Amino acid sequence: IKVLPYNNIFKIARQTIIKEDIKKLIITGNPFPCFHFGFLLKNEFKNLKWIADYRDDWTTTELTSKKRGLSKILFKLDQKSERKWLSNASLMTSVSNYYANKISDYIKVEGVELLNGFDNEAETQTNKTLITDKFIITYNGSLYNSQKIEPILEIIKELIKEYENKQEIILKFPGLAFDPSQENRVRKVFSGLENKVYISKRIERKKVLKIQQESHLLLMISHENIKGIPSSKLYEYIGLRKPILLYPSDNDIIENTLIRTKLGIIGNSKSEIKLKLKNLIDEFIKTKKIRIIGDENEIKSLSRLNQTQKLAKILDKL
């Protein structure tokens, strides 16, 4: 702990537990070494109950390839640390039932789903006026190698050419330039159509929200052959009450969430998703609107306010 740049958290947490007679503690990872704090504090304060909150999974991750050499040795040490440090946790929470069950089975601690949700700042953007001379599709934030974005980009590229004399179609990727390798994946597809693609480095959240609010369609890309990863952007999209295009589908939490909220445009093939996109664009050309009305009760249930109420009930039962 002494070598961690945030080691002061442990000292302050310990002092606060003594001073305020704290009975329950939540520790969120990543960074996962913070779970070591929980392990040590529980050993010192026997009546303390603590929750390990995984916003990502640690050594059970399916997003990275198998380790080799030194990284394999360090990964084995991480596995040992995870099982040891979580051994005295009272409960663990994570972003989907799939993650909660997977991690729970590994560390042998009860798991509960606790969604990321959306905050009030997203909701304040919902009534703003749209730009109507362009049809804007936006993908916000990071992209990973496990997300096969090329198929939907190829479809959009075809539509840009087909609608060249009818409707201008623009793609926006705020934040993607943070990772040049992922930026290049997009630029490679749109070689020769550079003026139809906007890619920026990371920008402040208010500006990102504005870009998303001014978009007509928001893009979700699932991780190939990996379940249980909704990402925070899904809930931000939902909080904005925007139509959300999912392709390919994860056949799991993202698809289920979009079906529940009635905000999703989901297809099982390139031809199906292209037809749905053409229908949207044709409707926009005629009306300058896209008529997708979400289920407000389901949308509200995904707010951080409601997720916090769920957490409060979990704490009451602990």
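To start, this report covers the structure provided alongside it. (Residues numbered from 1 in each chain as written. Predicted model: local features only at pLDDT ≥ 70, side-chain atom pairs only at ≥ 80, totals over all residues. Heavy atoms only, no water.)

### What to know about the nonpolar core
Grouped together as the largest cluster of nonpolar side chains are 55 residues, with contacts concentrated most on Ile152, Ile156, Ile169, Phe173 and Phe190. Top contributing element to this core by residue count: helix H6 (residues 150-162), with six residues. The contacts of isoleucine 169, once residues within four sequence positions are left out, are Phe135, Ile137, Ile156, Leu159, Ile160, Tyr163, Lys196 and Ile281. Formed by 25 residues, the second largest nonpolar core is a distinct cluster that contains Leu4, Phe10, Ala100 and Ile103. (Core = buried A, V, L, I, M, F, W, Y, C linked by side-chain atoms within 4.5 Å. Buried < 20%, exposed > 50% of the residue type's maximum accessible area, 1.4 Å probe, protein only. Helix = DSSP H or I, 4+ residues; strand = E, 2+ residues; numbered from the N terminus. Contact = heavy atoms within 4.5 Å.)

### Description of the pairing of strand S2 (residues 49-54)
Summarising burial for S2: five of the six residues are buried, a large majority. Sheet topology note: the strand S1 (residues 24-29)/S2 ladder contains six bridges and is parallel. Note on S2: the bridge partner recorded for isoleucine 27 is alanine 52. The handedness of the S1 to S2 crossover, carried by helix H2 (residues 34-44), is right-handed. Bridge count between S2 and strand S3 (residues 91-94): four bridges; the pairing is parallel. Bridge pairing in S3 links aspartate 53 to threonine 93. (Pairing = 2+ DSSP bridges. Right-handed = clockwise from strand over helix to strand, strands pointing away.)

### Observations regarding the side chain of glutamate 283
Its location among the elements puts glutamate 283 in helix H11 (residues 270-287). Look at glutamate 283 and you get buried, because its relative accessible area is 17%. Excluding residues within four positions of it along the chain, glutamate 283 makes contact with Lys288, Lys289, Ile290 and Arg291.

### Considerations on the pairing of strand S6 (residues 168-173)
Where burial is concerned, most of S6 is hidden: five out of the six residues are buried. Across five bridges, strand S5 (residues 134-138) lies against S6 in parallel orientation. Considered in S6, the bridge of phenylalanine 135 is made with isoleucine 169. Once the chain exits S5 it traverses H6 before rejoining the sheet at S6, and the crossover so formed is right-handed.

### Observations regarding a nonpolar patch on the surface
Together, Leu70, Ile73, Leu74 and Leu77 line one region of the surface with nonpolar side chains, adding up to about 410 Å² of accessible area. With respect to the secondary-structure elements, leucine 70 resides in helix H3 (residues 69-85). (Patch = residues over 30% accessible without salt bridge, like charges linked within 9 Å, V, L, I, M, F, W, Y side chains within 5 Å. Areas by Shrake-Rupley, 256 points an atom, 1.4 Å probe, with all protein chains shown as cover. Salt bridge = Lys/Arg side-chain N within 4 Å of Asp/Glu carboxyl O.)

### Thoughts on the packing of helix H1 (residues 8-20) against H2
Describing two packed helices takes the angle between their axes plus the distance from one axis to the other. It is the contact of H1 with H2, at a shortest axis distance of 11 Å, that shows an interaxial angle of 30 degrees. With respect to H2, the axis of H1 lies roughly parallel. The handedness of the crossing between H1 and H2 comes out as right-handed. Touching Ile9, Phe10, Ala13, Arg14 and Ile17 of H1 are Phe37, Leu40, Leu41 and Glu44, all from H2. Among the residues forming the contact of H1 with H2, the class breakdown is seven nonpolar, no polar and two charged. (Axes fitted to C-alpha atoms, helices over the stretch in contact; angles between N-to-C directions. Parallel < 35°, antiparallel > 145°, perpendicular 65-115°, else oblique. Left-handed = near helix turned anticlockwise from the far one by under 90°. Nonpolar A, V, L, I, M, F, W, Y, C, P; charged D, E, K, R; others polar.)

### Some points on the sheet that holds strand S9 (residues 244-246)
Read from one edge of the open sheet, six strands run S7-S6-S5-S8-S9-S10, paired in parallel fashion. Since the sheet does not close on itself, it has two edges, and those belong to strand S7 (197-199) and strand S10 (264-266), each with one partner. Averaged over all adjacent pairs, the angle separating strand axes in this sheet is 25 degrees, with direction ignored. Both S6 and S7 contribute to a ladder of three bridges, which runs parallel. When the sheet's bridge partners are listed, leucine 171 is paired in S7 with valine 197.

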